[in-house]
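A look at the structure
One-letter residues, chain by chain:
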Amino acid sequence: MTEKLHVPVIAWFDAHARDLPWRRPEAGPWGVMVSEFMLQQTPVSRVLPVYEQWLARWPRPADLAKEAPGEAVRAWGRLGYPRRALRLHGAAVAITERHGGDVPTDHAQLLALPGIGEYTAAAVASFAYGQRHPVLDTNVRRVLARAVTGVQYPPNATTAAERRLARELLPEEDGTAARWAAASMELGALVCTARNEGCARCPIAAQCAWRLAGKPEHAGPPRRGQTYAGTDRQVRGKLLAVLREAHAPVPQALLDRVWHEPVQRARALDGLVTDGLVEPLTGGLYRLPST
């Protein structure tokens, strides 16, 4: 079963993989790590320009570690979920202090870095160092759910059963396992998508359990939608946009203009302060974090 999946998917990847900067040899482990932070819940098209600017400015972890964390938030721009910028900055500081400025090769050391969870540690170890680890992002989970389990969508949150299946499906050889991780992820991103799946272009359509079962409709809990307009997240984004564009502390009155509803605006600002994304100063001034 496993080889019948690995061989066609990896062959498809060899022929159809996108030429992305973090997949090129010159990206190095740091480039891979930066891409993994940026790509969480964010499309490739939005990440590409920010990624290029980030690596041009901070080509090594030590370069980022020298800067104030607020500069990472500023450079993050409108990628969304800006706490990722603070976590990436924290990881850069730890890499500089603990590992001499080189992204560690050991999975446990990667996992011990601030802001890095199981997925990111496995992805960096696999994509940067060619190691054998199950890499379970949304795309891979969807491919495995359909091709092997026979359901349209995976559960909302990753389960122990999914992790066990991913481990069982790993090729034995390190390099092949790393290639499978990248290939199955790309298949989910380009062909086996959440909507309008391209079964006619899929290299494993003939053995896909979900397709062979007649593509039964999703029977699990409702899938979480992505809402944005009118949410605290939108207000936070507007507040951060003002602070990113300013290179001096910003008065409360300027922030008050970004959103009409004062209670929601205050809640969003308080949340940014609590998350360490905004630093309050005396006199009703605010700025991006300096330490």
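Residues numbered from 1 in each chain as written. Predicted model: local features only at pLDDT ≥ 70, side-chain atom pairs only at ≥ 80, totals over all residues. Heavy atoms only, no water.

The protein goes by Adenine DNA glycosylase in an unreviewed UniProt entry, where it is assigned to Streptomyces sp. 900105245. Turning to the protein, the UniProt record has this under Catalytic activity (unreviewed entry): "Hydrolyzes free adenine bases from 7,8-dihydro-8-oxoguanine:adenine mismatched double-stranded DNA, leaving an apurinic site." Quoted verbatim from the Sequence similarities (unreviewed entry) field of the UniProt record, the comment on the protein reads "Belongs to the Nth/MutY family." (UniProt positions renumbered as here; feature names shortened; annotations may be inferred.)

**Observations concerning the nonpolar core**
Ranked by size, the top nonpolar core spans 49 residues in total, and within it Trp30, Met33, Met38, Trp54 and Leu88 carry the most contacts. Counting residues per element, the ones that place at least two in this core are α2 (28-39), α3 (44-57), α5 (69-76), α6 (83-98), α8 (118-129), α13 (232-245) and α15 (262-274). When near neighbours in sequence (up to four residues on either side) are disregarded, Leu88 contacts Trp30, Met33, Val34, Phe37, Trp54, Leu64 and Trp76. Formed by 29 residues, the second largest nonpolar core is a distinct cluster that contains Leu5, Ala183, Met185 and Ala205. (Core = buried A, V, L, I, M, F, W, Y, C linked by side-chain atoms within 4.5 Å. Buried < 20%, exposed > 50% of the residue type's maximum accessible area, 1.4 Å probe, protein only. Helix = DSSP H or I, 4+ residues; strand = E, 2+ residues; numbered from the N terminus. Contact = heavy atoms within 4.5 Å.)

**Things to note about the sheet that holds strand β2 (residues 279-281)**
Reading across the sheet, the 3 strands line up as β1-β3-β2 and stay open at both edges, with antiparallel pairing between neighbours. Each end of this open sheet is capped by a strand with a single partner; those strands are β1 (250-251) and β2. Alignment of β1 against strand β3 (residues 285-287), held across 2 bridges, turns out to be antiparallel. Counterpart to Val250 in the pairing with β3 is Tyr286. (Pairing = 2+ DSSP bridges.)

**Remarks on the pattern of salt bridges**
Tallying each qualifying case throughout the model produces 16 salt bridges. Between Glu71 and Arg57 there is a salt bridge, and its shortest N-O distance comes to 2.9 Å. Separated by 14 residues along the polypeptide, Glu71 in helix α5 and Arg57 in helix α3 bring together distant segments of the chain. Glu197 is paired through a salt bridge with Lys215; the nearest N and O atoms lie 3.2 Å apart. In this pair, Glu197 is assigned in the loop between α11 (174-190) and α12 (209-212) and Lys215 in the loop between α12 and α13, connecting sequence segments 18 residues apart. Owing to a relative accessible area of 23%, Glu197 belongs among the partly exposed residues under this scheme. For Lys215, a relative accessible area of 30% gives the class partly exposed. Salt bridges sharing partners connect three or more residues here, namely Arg57, Glu67, Glu71 and Arg74. (Salt bridge = Lys/Arg side-chain N within 4 Å of Asp/Glu carboxyl O.)

**Points about the packing of α8 against α11**
Two elements in contact, α8 and α11, have axes separated by 8 Å at closest approach and are oriented at 120 degrees. As for how α8 packs across α11, the hand of that crossing is left-handed. On the side of α8, the interface is formed by Tyr119, Ser126 and Phe127, while α11 contributes Ala178, Ala181, Ala182 and Met185. Per-class residue counts for the contact of α8 with α11 are 6 nonpolar, 1 polar and no charged. (Axes fitted to C-alpha atoms, helices over the stretch in contact; angles between N-to-C directions. Left-handed = near helix turned anticlockwise from the far one by under 90°. Nonpolar A, V, L, I, M, F, W, Y, C, P; charged D, E, K, R; others polar.)

**A few points about the side chain of Gln152**
Its place among the elements puts Gln152 in the loop between α9 (138-149) and α10 (160-168). Within polar-contact distance, the side chain of Gln152 engages the backbone nitrogen of His218 at 3.0 Å. Excluding anything up to four places from it in sequence, Gln152 contacts Arg142, Arg146, Trp210, Pro216, Glu217 and His218. (Polar contact = N/O pair within 3.5 Å; in protein donor to acceptor, adjacent residues only side chain to side chain.)

**Let's talk about the environment of Pro155**
Tracing the backbone through its elements, the reader meets Pro155 in the loop between α9 and α10. Distance in space between the C-alpha atoms of Pro155 and Arg142 is 9.2 Å, their sequence separation being 13 residues. With sequence-adjacent residues up to four places away left out, Pro155 is seen in contact with Arg141 and Glu162.

**Here's the deal with the packing of aromatic side chains**
When we look at a pair of aromatic rings, we describe it by the centre distance and by the angle of the planes. Tallying each qualifying case throughout the model produces 3 aromatic pairs. Summarising the aromatic geometry, the rings of Trp22 and Tyr51 are spaced 5.1 Å apart at their centres and angled 80 degrees between planes, so their arrangement reads as edge-to-face. Of the two residues, Trp22 sits in the loop between α1 (2-16) and α2 while Tyr51 sits in helix α3, which places them 29 residues apart along the sequence. When sorted by exposure, Trp22 lands in the same class as Tyr51, which is buried. Judged by centre distance (4.6 Å) and plane angle (75 degrees), the ring pair of Trp54 and Trp58 falls under edge-to-face. Note on accessibility: Trp54 and Trp58 belong to one class, buried. (Phe/Tyr/Trp six-rings, centres within 6.5 Å; stacked < 30°, edge-to-face > 60°.)

**A closer look at the packing of α13 against α15**
Running from N to C, α13 and α15 point in directions that differ by 70 degrees, and their axes come no closer than 9 Å. What the angle tells us is that α13 and α15 run roughly perpendicular. Relative to α15, the crossing made by α13 is right-handed. Across from Asp232, Val235, Arg236, Leu239 and Leu240 in α13, the residues of α15 making contact are Gln264, Arg265, Arg267, Ala268, Leu269, Gly271 and Leu272. In the contact of α13 with α15, the residues fall into 6 nonpolar, 2 polar and 4 charged. (Parallel < 35°, antiparallel > 145°, perpendicular 65-115°, else oblique.)

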